[in-house]
Amino acid sequence: MKDYNLTHLRELESEAIYILREVAAQFERPALLFSGGKDSIVLVHLSRKAFYPASIPFPLVHIDTGHNFAEAITFRDDLVKKFNARLIVGSVQESIDTGRVVEEKGINASRNVLQTVTLLDTIEKHKFDAAIGGGRRDEEKARAKERFFSHRDEFGQWDPKNQRPELWNIFNGKKRMGEHFRVFPISNWTEMDVWQYILRENIELPELYFTHEREVFFRDGIWLAAAPFMAMKPGEKAEKLNVRCRTVGDISCTGLVLSTADNLEDIIREIAATRVTERGGRYDDRRSDAAMEDRKKEGYF
Amino acid sequence: MTATTETEFSSKAYLNMQLLRFTTAGSVDDGKSTLIGRLLYDSKSLFEDQLDAVKRASVQKGSEHLNLALFTDGLRAEREQGITIDVAYRYFATPNRKFIIADTPGHIQYTRNMVTGASTANAAIVLIDARNGVIEQTYRHAFLAYLLGIPHIVVCINKMDLLEYRQDVFEKIKADFNAFVEKVLPGEDLRFIPISALKGDNVVKPSQNMPWYTGSTLLETLETIPIDKDLDMVHQRFPVQYVIRPESDEFHDYRGYAGRIAGGIFHPGDEVMVFPAGLQTKIERIDTFDGPADEAFPPMSVTLLLADDIDISRGDMIAGAYDLPKASSEIDCMICWMNPKPMQLNGKYAVKHNSRDARCVIDAISYVLNISTLEQIQNRTSLAMNEIARIHLRTTKPLFFDPYTTNRQTGSLILIDEATNETVAAGMIL
């Protein structure tokens, strides 16, 4: 008797493709939030699969803090060209220049929080009614409560205590003018699932994810990249070490891990052995126990 | 051995794992959060930073032990009040399976969350406090699992440590539960496990304190519950989700119907009927990004190409030509009402069924079900939040469906309030 079971990765893939098609069908102006990180790269891959042989029916939106790893931007532009995708950039620098936001000061200053305003402005400017994101429920405790289709009011706010129930695979994307949805097709994936999928599908990633030599410094148990806009405290000093990124975001809050892994198999081995979550290296989550919940309520990714 | 170690995470094994989705139901203080914390902790699915955070919080709150329940409380209000507000999803894996837990609160007023968590589950854990035995809420939980079509129920009798791990306690609760089940939940796959979530007995590790219990631990049970019979592999059903038209020179005349197989196994050459057109044609090809497929079965997402040019759009249904779904705008179903604003008899709502959108009027409430006693209450004209009822609805256009007991996907629907856009009810078609 033949075995009609999908393996768990194929089931997750099928679920994500289903969600992406649902977005294209239910919304008039969807967009895919592209950070240059592995999760959004996987989303692009899944989108190509979902609409093959047509091209991806929505643009990629990058909220650019200006504090990027150069490699991530190069990778982004190559990817857009290769898959004939459309790219829209929302600039945090522009939000600062036009006075929409005020740059944080001090040693732990980060543009991470400022992104929320730029993101919401970009959504409003282009009248996007659905923003697809690579958020996963295993990442963080507030995200564990997130729906696949997450409703945002006209101020872009999330109301976690008042979410629509989500049943079976029926997704309710109905909304009023000015409201929008955040959609998370890989909600049910874990970090390990993402890496195993990247390996299985042979998905290309920025070099940042693999070991490289970089100037780094140590703060509060996290290695951070040295960069001109990263102020260092007295006593902190930059040194050249072999590191790689576990997540890729804004430089100011992306923690690096000491690693010699230069291929996917080694990275997977490293992740299986590691005892710290990937957000454990996110400086932005450490601000308080509910840091992510608070940012999400305001409209963060 | 079940614990995950680095060497066992070889990619080859990982790519062969299966997925089990389960939900947990228990009353307040039955130790549900502790049980989930225990599963994650003993299966080594927690990370150091999560552990540290919980250790710090445990000390801060004056707990004597590591407070395992803190692993699952996500939102600020939950940590402050020590309760679970909403459905949260947890993940862990062993070398054999990957698990998704829909963690739902047990408060009486949160039936809607349990229904939500149960809608996608293959198995349900029903938790009973050994000191209280089978109580009214146990019946509610078991019945909801049954109503939502969860084929496997694992009854965990918890806090055995507080009753000297006595076998007679376990046997008594098992007998009480069985007496209820035999009457109303025919055909359920039931298992009973005596545990202590706090101390770890029979959750991941076999208990040294209950030598009289020779069955599997909870984790072994979850790893071996058969899941291959849970989807409908018989009746061919393909709700059309999206029409793919590349409009490029290379694929000039391409017209593919994208969707997820809801039932049966499809092959190129199969005779199919298209609803609502009522026309018969053949499957010419099953397309995927990775190349054409010889067959497609639930829950695969694929694209079907048909032999004939038929006008098909989102919301239509492609089904096996000799095994048709019901096509009707008169629908009987059980519903769970999920909104604070009560349902009104003769009220009009939007309905979503698979990819199909329609409007409907609820023109009869056959009865409201007391899910603790299963008593049928007649002559009601409204339905409050968390109530379950059998209703009749008339839709503006026909739906193409199967009974929920045959196919959980083609047999389910949701109702939406057209003024607020909120999802107000979950429906299981009879």
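Residues numbered from 1 in each chain as written. Chains lettered and ligands numbered in written order. Predicted model: local features only at pLDDT ≥ 70, side-chain atom pairs only at ≥ 80, totals over all residues. Heavy atoms only, no water.

Novice: Looking at this structure, I do not really get the overall build of chain B. What am I missing?
Specialist: A count of helical and extended segments in chain B gives eight helices and 22 strands. A globule of 430 residues ought to have a C-alpha radius of gyration of about 22 Å, and chain B, at 24 Å, matches this closely. Along the three orthogonal principal directions, the C-alpha set of chain B runs to about 70 × 60 × 40 Å. In chain B, buried positions account for 60% of the 430 residues. Restricting the contact set of chain B to residue pairs at least 6 apart, pairs at least 24 apart contribute 71%. On chain B, roughly 17000 Å² of surface is accessible, and the fraction owed to carbon and sulfur atoms is 48%. Here chain B contributes 43 positive and 56 negative side-chain charges, whose respective centroids are spaced 4 Å apart. (Helix = DSSP H or I, 4+ residues; strand = E, 2+ residues; numbered from the N terminus. Rg over C-alpha atoms; globule rule 2.2 N^0.38 Å. Buried < 20%, exposed > 50% of the residue type's maximum accessible area, 1.4 Å probe, protein only. Contact = heavy atoms within 4.5 Å. Areas by Shrake-Rupley, 256 points an atom, 1.4 Å probe, with all protein chains shown as cover. Lys, Arg positive; Asp, Glu negative; His and termini not counted. Charge placed at Lys NZ, Arg CZ, Asp CG, Glu CD.)

Novice: Looking at this model, I keep getting lost on the domain arrangement of chain B. Mind explaining?
Specialist: Size of an interface: often given as the accessible area lost when the parts come together. Residues and elements named next belong to chain B. Domain annotation for chain B reports domain 1 (6-224), domain 2 (237-320) and domain 3 (326-429). Here the C-alpha centre of domain 3 lies 29 Å away from the C-alpha centre of domain 2. Between domain 2 and domain 3, the contact holds 14 residues from the first and ten residues from the second. Summing the contributions of domain 2 and of domain 3, the shared interface buries around 920 Å²; its carbon and sulfur component is 54%. Ionic pairing is found between Asp-316 and Arg-356, a salt bridge with its closest N-O pair at 3.8 Å. Remark: the boundary between domain 2 and domain 3 carries five residue pairs in polar contact (both at pLDDT 80 or more). Considering only residue class, the side of domain 2 that touches domain 3 consists of seven nonpolar, three polar and four charged. (Domains from an automatic or database assignment. Buried area = accessible area lost by both parts, 1.4 Å probe. Salt bridge = Lys/Arg side-chain N within 4 Å of Asp/Glu carboxyl O. Polar contact = N/O pair within 3.5 Å; in protein donor to acceptor, adjacent residues only side chain to side chain. Nonpolar A, V, L, I, M, F, W, Y, C, P; charged D, E, K, R; others polar.)

Novice: Where do I start with the pairing of strand S9 (residues 256-260) of chain B in this structure?
Specialist: Along any regular strand the residues' side chains alternate between the sheet's two faces. Residue and element names in this part refer to chain B. Burial runs high along S9: five of the five residues are buried. Residue alternation in S9 divides its side chains into two sets, Gly-256, Ala-258 and Arg-260 and Tyr-257 and Gly-259, and both sets are buried. The sheet contact formed by strand S8 (residues 242-244) and S9 spans three bridges and is antiparallel. Among the inter-strand pairings, Val-243 is bridged to a residue of S9, identified as Tyr-257. Two elements, S9 and strand S12 (residues 301-306), share four bridges in a ladder whose sense is antiparallel. Opposite Ala-258, over in S12, you have Thr-303 as the bridge partner. (Pairing = 2+ DSSP bridges.)

Novice: I would appreciate a short explanation of the sheet that holds strand S6 (residues 189-194) of chain B in the present structure.
Specialist: Strands belonging to one sheet form pairs held by backbone hydrogen bonds; the direction of such a pair is parallel or antiparallel. Residue and element names in this part refer to chain B. Pairing is mixed in the open sheet, where six strands are placed in the order S2-S3-S1-S4-S5-S6. Every other strand in the sheet has two partners, leaving strand S2 (88-93) and S6 as the edge strands with one partner each. In this sheet, neighbouring strand axes are inclined to one another by 25° on average, regardless of whether the strands run parallel or antiparallel. In the sheet, S2 pairs with strand S3 (residues 97-103) via six bridges, with the strands oriented antiparallel. Bridging from a neighbouring strand, Arg-90 pairs with Ile-101 of S3. Packing of helix H7 (residues 167-184) onto the sheet brings it into contact with strand S4 (123-129), strand S5 (152-158) and S6, and relative to S6 it is tilted by some 160°. (Axes fitted to C-alpha atoms, helices over the stretch in contact; angles between N-to-C directions.)

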